[in-house]
Amino acid sequence: MSLAAVIGSELAQSVIEAETFKKRACTSKSNPCVISRPSVSLVIEEKPICAGAFAHCLRSDCGVDEVRLERSLADEKIRASEGPYVVVLVDLATINYDFGALEAIVARLDPSPVIAVDDRPNPAFASLAASINCRGYIAKTIEEEQLKQQVRSVISGQSCFPDGFRQEDVSPDWHATKRMNVLTERQSAVLACVARGLSNNEIAQELGISIGTVKTHVHAVLRRVGARNRTEAAIVAPRFHALGKRLDMTESAGEC
């Protein structure tokens with residue numbers, strides 16, 4: 001069977017399970033009208049192939065009976081009254097790395113545990129997820145068995161964050177955590193140049209600073225954005241610039 005057929009089967013199974021849930025009832029003689037509720041999870045992911053893969057993992061070895069799939073946070077069907085969910089997976093790319101929106105869904109679905117899902121591990125985004133009470137942060141680069149293990153730990157009441165994650169880096173005030181993880185104005189300018197593919201010499205000329213200063217900023221930027229090289233920094237650059245703009249707009253609105 002092709003991969004597309006497998007994913008299509010997973011999506012169809014989600015629809016069937018939803019209908020089965022509506023019809024399922026307890027046969028207890030003492031209260032024949034009580035509905036027997038299965039364990040339900042929610043996956044917010046815009047890419048069907050990824051959503052299907054998550055649904056497969058949740059059903060296969062995580063004790064989840066039904067997986068609800070939604071393609072955005074804006075979907076009106078996502079309501080707290082439909083929970084609680086045993087676990088909620090939210091893809092950060094699907095919500096355009098809008099941690100304010102993620103904070104809202106965490107609060108709305110409380111006490112359902114929420115796990116933020118990223119394309120690749122990034123310590124800054126892990127800190128932001130923790131600061132808004134997400135119970136975990138995982139990257140799509142991990143193996144299937146590791147994903148199942150981490151999801152099971154969250155379902156059992158624990159948390160899951162990357163190795164080396166330091167809780168002391170997280171502020172109780174998530175806006176403070178955002179400011180700590182957002183780049184400085186100069187670092188943001190350097191990252192923009194790196195994203196354009198400029199060399200250190202070209203960055204120095206464009207920003208009017210020395211080569212040594214450029215190297216210092218590039219090193220700090222790579223560490224701050226969780227990138228191993230300039231190529232990875234260019235990939236995540238739009239996310240950090242968007243995060244900085246949202247923070248500026250939020251703080252400006254608060255000052256009015």
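Description of the structure in this document. Keep in mind that what you see is a predicted model, and the values were worked out from it rather than measured.

Counting its regular elements, the chain contains 10 helices and 5 strands. Here the chain, with 256 residues, has 43% of them falling under the buried criterion. Long-range pairs, those at least 24 residues apart, make up 66% of the contacts in the chain with a sequence separation of at least 6.

Of all 5 residues making up strand β3 (residues 87-91), 5 are buried, and the element is well covered by its neighbours. Of the two faces of β3, the one carrying Val87, Leu89 and Asp91 and the one carrying Val88 and Val90 are both buried. With 4 bridges joining them, β3 and strand β4 (residues 114-118) adopt parallel strand pairing. Within the sheet, the bridge partner assigned to valine 90 lies in β4 and is alanine 116.

By the definition in use, this model includes 2 aromatic pairs. Residues tyrosine 97 and phenylalanine 125 carry aromatic rings whose centres are separated by 5.1 Å and whose planes lie at 45 degrees to one another, so their mutual orientation is tilted. Of this pair, tyrosine 97 sits in the loop between β3 and α3 (99-108) while phenylalanine 125 sits in helix α4 (residues 123-131), and the two are 28 residues apart along the sequence. Overall, tyrosine 97 belongs to the buried group, its relative accessible area being 5%. Exposure remark for phenylalanine 125: the relative accessible area of 0% places this residue in the buried category.

Taken as a whole and assessed by the stated rule, the structure comprises 9 salt bridges. For the salt bridge of glutamate 46 with lysine 47, the shortest nitrogen-to-oxygen distance reads 3.9 Å. The class for glutamate 46 is partly exposed, based on a relative accessible area of 33%. Here glutamate 144 makes a salt bridge to lysine 148, at a shortest N to O gap of 3.1 Å. Of the two residues, glutamate 144 and lysine 148 both sit in helix α5 (residues 144-155), 4 residues apart, roughly one turn of that helix. Note on glutamate 144: relative accessible area 37%, which makes it partly exposed. On the basis of relative accessibility, which here comes to 7%, the residue lysine 148 falls in the buried class. In this structure, a network of salt bridges that share partners links the residues Glu45, Asp91, Asp119 and Lys140.

Counting 47 residues, the largest nonpolar core has Leu102 and Val225 as its most contacted members. It is α4 that provides the largest number of residues to this core, a total of 6 residues. Once residues within four sequence positions are removed from consideration, leucine 102 is found in contact with Leu73, Val90, Leu92, Ile95, Val114, Ala116, Ile132 and Cys134. Counting 17 residues, the second largest nonpolar core, distinct from the first, contains Val43, Val64, Val87 and Val151.

Tracing the chain through its elements places asparagine 229 in the loop between α9 (211-225) and α10 (230-255). Asparagine 229 gets classed as partly exposed once you look at its relative accessible area, which sits at 34%. Within polar-contact distance, the side chain of asparagine 229 engages the backbone nitrogen of threonine 231 at 3.1 Å.

Definitions and limits used
- Residues numbered from 1 in each chain as written.
- Predicted model: local features only at pLDDT ≥ 70, side-chain atom pairs only at ≥ 80, totals over all residues.
- Heavy atoms only, no water.
- Helix = DSSP H or I, 4+ residues; strand = E, 2+ residues; numbered from the N terminus.
- Buried < 20%, exposed > 50% of the residue type's maximum accessible area, 1.4 Å probe, protein only.
- Contact = heavy atoms within 4.5 Å.
- Pairing = 2+ DSSP bridges.
- Phe/Tyr/Trp six-rings, centres within 6.5 Å; stacked < 30°, edge-to-face > 60°.
- Salt bridge = Lys/Arg side-chain N within 4 Å of Asp/Glu carboxyl O.
- Core = buried A, V, L, I, M, F, W, Y, C linked by side-chain atoms within 4.5 Å.
- Polar contact = N/O pair within 3.5 Å; in protein donor to acceptor, adjacent residues only side chain to side chain.

So, to be careful, I would describe these as geometric facts and stop short of saying anything about function.
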